[in-house]
Amino acid sequence: MSLIIRLASAADAQLIADISQQTFYDTFAADNRTEDMHKFLTQQFTKGRLMMEVGTPENTFFLAFDNTIAAGYVKLRDAKKPTALFPFNALEVARIYATKEMIGKGVGKALMQKSIAIAKERNKEVIWLGVWEKNKRAIDFYTRWGFVKFGECDFLLGDDVQRDWLMKKML
């Protein structure tokens, strides 16, 4: 595999929206009610909303490609942060998605490496994220990278209020 990571632009908004919805569905549909998934994807996590995120000043997107095939992306957000992190200069990994076909092939690793490098370039002290408490594969991945749980928050999926763990890594 020949993985390339590049900064995304507004021209990539449709691709990012497509990857977002498909990857979210592939990852979470089996563990959630169909009605909640449908409502989330058609009202809360719409292609239009996702496309509007690309190119805004507080968001930075990096796309991963295996040759010319889109393999995933990371969304870094340099805006709000949990109260527990207020003493720190922090960067959020708002999303890190690998397509179903690319899971286990180093896409997540490459995107996490890029995220940490960007955080260090921006002189951040902490990198943090939120992850569904039932997403064991993701929690294990973040733990291997040195992230530790520091809190919890609600996440609304359709009409289902779920718990996300907040995890951080000191840089």
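Heads up: the structure comes first, above all this text.
Summary of the structure given here. (Residues numbered from 1 in each chain as written. Predicted model: local features only at pLDDT ≥ 70, side-chain atom pairs only at ≥ 80, totals over all residues. Heavy atoms only, no water.)

One open sheet holds the seven strands; their spatial order is β1-β2-β3-β4-β5-β7-β6, and the pairing between them is mixed. Of all strands in the sheet, those bounded by a partner on one side alone are β1 (3-7) and β6 (148-157). Between one strand axis and the next, the sheet turns by 25° as a mean value, whatever way the strands run. Of the strand pairs in this sheet, strand β4 (residues 90-98) and strand β5 (residues 126-132) are connected by three bridges, and their pairing is parallel. Residue Glu92 lies in a different strand from β5, and its bridge partner there is Trp128. Running at roughly 85° to β6, helix α2 (residues 34-44) makes contact with β6 and β7 (160-170) of the sheet. (Pairing = 2+ DSSP bridges. Helix = DSSP H or I, 4+ residues; strand = E, 2+ residues; numbered from the N terminus. Axes fitted to C-alpha atoms, helices over the stretch in contact; angles between N-to-C directions. Contact = heavy atoms within 4.5 Å.)

What describes two packed helices is the angle between their axes and the distance between those same axes. Running from N to C, helix α1 (residues 13-28) and α2 point in directions that differ by 165°, and their axes come no closer than 11 Å. With respect to α2, the axis of α1 lies roughly antiparallel. Judged by the sense of rotation from one axis to the other, the crossing of α1 with α2 is right-handed. On the side of α1, the interface is formed by Gln21, Phe24, Tyr25 and Phe28, while α2 contributes Met37, Phe40 and Leu41. (Parallel < 35°, antiparallel > 145°, perpendicular 65-115°, else oblique. Left-handed = near helix turned anticlockwise from the far one by under 90°.)

Attention now goes to unusual backbone geometry. A positive phi angle, near 60°, is found at Asn67, a position not held by glycine. Looking at where Asn67 falls in the secondary structure, it is placed in the loop between β2 (59-66) and β3 (69-77). At Asn123, a residue that is not glycine, the phi angle is positive and equals roughly 60°. For Asn123, the location among the structural elements is in the loop between α4 (107-121) and β5. Judged by relative accessible area, which is 59%, Asn123 ranks as exposed. (Buried < 20%, exposed > 50% of the residue type's maximum accessible area, 1.4 Å probe, protein only.)

Counting through the fold element by element, Gln162 comes out in strand β7. A distance of 3.2 Å separates a polar atom in the side chain of Gln162 from a polar atom in the side chain of Trp132. (Polar contact = N/O pair within 3.5 Å; in protein donor to acceptor, adjacent residues only side chain to side chain.)

We now examine the nonpolar core. Of all hydrophobic cores here, the largest spans 25 residues; its most connected members are Met112, Leu129 and Tyr142. Elements that contribute at least two residues to this core include exactly β2, β3, β4, α4, β5 and α5 (136-144). The dominant element in this core, judged by the number of residues it contributes, is α4, at six residues. Among residues more than four places away in sequence, those in contact with Tyr142 are Ile96, Met112, Leu129, Val131, Phe147 and Met167. (Core = buried A, V, L, I, M, F, W, Y, C linked by side-chain atoms within 4.5 Å.)

Next up on the list: the packing of aromatic side chains. Scanning the entire structure with this criterion turns up 11 aromatic pairs. A centroid spacing of 5.7 Å and a plane angle of 70° characterise the contact between Phe28 and Trp132, whose relative ring orientation is edge-to-face. Of this pair, Phe28 sits in helix α1 while Trp132 sits in strand β5, and the two are 104 residues apart along the sequence. With respect to class, Phe28 is no different from Trp132; both count as buried. An aromatic cluster is present here, built from Phe24, Phe28, Phe40, Phe45, Trp132 and Phe155 joined pairwise through their rings. (Phe/Tyr/Trp six-rings, centres within 6.5 Å; stacked < 30°, edge-to-face > 60°.)

The values are spatial; any link to function lies outside them.
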